[in-house]
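Coordinate analysis (summary)
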Protein chains: 2
Amino acid sequence: MSEKEIITAPIPTIRRLPRYIHLLTRLKRDNVEVLSTTRIAEELGFEAIQVRKDIAVTGIVGKPKKGYDLDELLNALRHFLNWDNNTDAFLVGVGALGKAILGYSNFKSYGLNVLAAFDSDINKIGTKYNGVEIFPVDKLDDLIQRLRVHIGVITVPASEAQFVADLMVKGGVKAIWNFAPRAIKVPSEIILENVHLSQSLAVLTHKLSQMNDE
Amino acid sequence: MSEKEIITAPIPTIRRLPRYIHLLTRLKRDNVEVLSTTRIAEELGFEAIQVRKDIAVTGIVGKPKKGYDLDELLNALRHFLNWDNNTDAFLVGVGALGKAILGYSNFKSYGLNVLAAFDSDINKIGTKYNGVEIFPVDKLDDLIQRLRVHIGVITVPASEAQFVADLMVKGGVKAIWNFAPRAIKVPSEIILENVHLSQSLAVLTHKLSQMNDE
């Protein structure tokens, strides 16, 4: 354990923090320097009390009647999420979804640096997408180990997700960001974040069906 | 209000239901006909008590010592989410992310039928992606109205998201599935589901930074 104090926060709070970062980044471009809880609450559609609580996890306190110093708050939020350090990642599966992730250059400002991509299609190997070179999947675990890559991003079809996850674990990743629509099993010490787009769609279609019944 | 009973459930439960549908669809292909709570819990990594509670929202009850009839449970889950009815949708923004959504043919089995796509790039207009024709954005609200489309999917860059949302609302959509990394404002009667990939990444990078501090 380092001397650095470990600050943590509830997962729903952590999930909201990127929205503050997006807002502050946009306002910074408009040369805003100071802003109030009320302004943030209005822009994001949150209650002011929630904004105060969310920001409190970073340790930043607003000045009475003035509000928050934009740069100070932005830096604190980015530091809290570790987005001020780029963490190297490998992405496996350069299909449409993999390309969408590789093409989304914003991830660099979120601390995710995709060093290389991997695919099983020999026609893709050796080519580049958005500046990222594509390697064969059978080199995955070896390159994770040699380059000490900490994050693996899975964008392969469901049927290959567990196979790829096993290779990532074998290579030594610490965290897996899984976009494949299949539950994968990893040892308990590995951080696993699943993005299941169908979960979000489920909420939408269920609400829509209730609206149609009214 | 129709005679049909309105059943609802907590949002976290609704978000888990697609995972049951994925599992049951896979097991159906393996000719499984009956399965127990324990089996479902093991496959999905949930507690058995949670599986029982989740399934209860559909009104389906397992048979003692046998378990659930797979077809009956699968139909009930799909019906609950309204995935047994295809709902027409328009997608706006045929960049990498839009293509990923259009290319993900599974959405049809989730009740989402993307009728047409829209883009502002004149080189894309009139072409097709994965069988879906691409129209100019200035036809969006008129076509939503004429074809009575209920769902709008936004996959444009952040700066255009509000403009597209306003057009969708003007046309008369009932629900918006927003992938743009920007909060959009819509009237309260519109169902809005935001997919912010950065939220999921925030949880992952924050946990990773805590692990590195240990």
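Residues numbered from 1 in each chain as written. Chains lettered and ligands numbered in written order. Predicted model: local features only at pLDDT ≥ 70, side-chain atom pairs only at ≥ 80, totals over all residues. Heavy atoms only, no water.

Our focus in this paragraph is the sheet that holds strand β3 (residues 87-92) of chain A. Residue and element names in this part refer to chain A. Read across the open sheet, the seven strands follow the order β5-β6-β4-β3-β7-β8-β9; overall the sheet is mixed. Since the sheet does not close on itself, it has two edges, and those belong to β5 (128-129) and β9 (191-194), each with one partner. Note: β3 against strand β7 (residues 151-154), four bridges, orientation parallel. Counted as the bridge partner of F90 is G152 from β7. With respect to the sheet, helix α6 (residues 140-147) is in contact with β3, β4 (112-119) and β6 (132-136), its orientation differing from that of β3 by roughly 175°. (Pairing = 2+ DSSP bridges. Helix = DSSP H or I, 4+ residues; strand = E, 2+ residues; numbered from the N terminus. Contact = heavy atoms within 4.5 Å. Axes fitted to C-alpha atoms, helices over the stretch in contact; angles between N-to-C directions.)

Turning next to the interface of chain A and chain B. A common way to express how large an interface is: the accessible area buried when the components associate. With 66 residues of chain A in contact, the opposing surface of chain B contributes 66 residues. For the pair chain A and chain B, the summed buried surface comes to about 6,000 Å²; carbon and sulfur atoms form 66% of the total. There are zero salt bridges connecting chain A and chain B. Between the two partners, chain A and chain B, sit 10 residue pairs in polar contact (both at pLDDT 80 or more). Listed by contribution, the elements that provide at least two residues to the side of chain A that touches chain B are α1 (11-29), α2 (37-44), α5 (96-103), β8 (175-178), β9 and α8 (197-213) of chain A. It is α8(A) that contributes the most residues to the side of chain A that touches chain B, 17 residues altogether. Each residue belonging to the side of chain A that touches chain B can be placed in one class, and the counts come to 35 nonpolar, 16 polar and 15 charged. (Buried area = accessible area lost by both parts, 1.4 Å probe. Salt bridge = Lys/Arg side-chain N within 4 Å of Asp/Glu carboxyl O. Polar contact = N/O pair within 3.5 Å; in protein donor to acceptor, adjacent residues only side chain to side chain. Nonpolar A, V, L, I, M, F, W, Y, C, P; charged D, E, K, R; others polar.)

Let us now look at the side chain of D141(A). For D141(A), the position within the fold is in helix α6. Residues in contact with D141(A), not counting those within four places in the same chain, are L167(A), K170(A) and G171(A).

Here we come to the packing of helix α1 (residues 11-29) of chain B against helix α3 (residues 48-56) of chain B. Helix packing geometry: the angle between the two helix axes and the distance between the axes. All names here are of chain B. Taken N-terminus to C-terminus, the directions of α1 and α3 make an angle of 100°; their axes are 10 Å apart at the nearest point. Classified by the angle their axes make, α1 and α3 are roughly perpendicular. Across from T13, R16, L17 and Y20 in α1, the residues of α3 making contact are Q50, V51, D54 and I55. Of the residues belonging to the contact of α1 with α3, the class tally is four nonpolar, two polar and two charged. (Parallel < 35°, antiparallel > 145°, perpendicular 65-115°, else oblique.)

With that settled, the discussion passes to α2(A). Taken together, the buried positions of α2(A) are T37(A), I40(A), A41(A), E43(A) and L44(A). Projection of α2(A) onto a plane perpendicular to its axis shows the buried side chains occupying an angular sector of 165°, all on one side. (Buried < 20%, exposed > 50% of the residue type's maximum accessible area, 1.4 Å probe, protein only. Arc of directions from axis to C-beta.)

This next bit is on the packing of aromatic side chains. The geometry of an aromatic ring pair is captured by the separation of the ring centres together with the interplanar angle, meaning the angle of the planes. The tally for this structure, following the rule as stated, stands at eight aromatic pairs over all chains. Aromatic rings pair up to connect F90(A), F118(A) and F135(A) into one cluster. (Phe/Tyr/Trp six-rings, centres within 6.5 Å; stacked < 30°, edge-to-face > 60°.)

Time to look at the sheet that holds strand β4 (residues 112-119) of chain B. Residue and element names in this part refer to chain B. Spatially, seven strands are ordered β5-β6-β4-β3-β7-β8-β9 in an open sheet, and the strand pairing comes out mixed. Here the strands that pair on one side only, and so sit at the sheet edges, are β5 (128-129) and β9 (191-194). Bridge analysis of strand β8 (residues 175-178) against β9 gives four bridges, and the strand direction is parallel. Residue W177 lies in a different strand from β9, and its bridge partner there is E193. In the packing of helix α6 (residues 140-147) onto the sheet, the strands contacted are β3 (87-92), β4 and β6 (132-136), and the crossing angle to β3 comes to about 175°. Against the sheet, helix α7 (residues 158-171) engages β3, β7 (151-154) and β8, with an angle of about 170° to β7.

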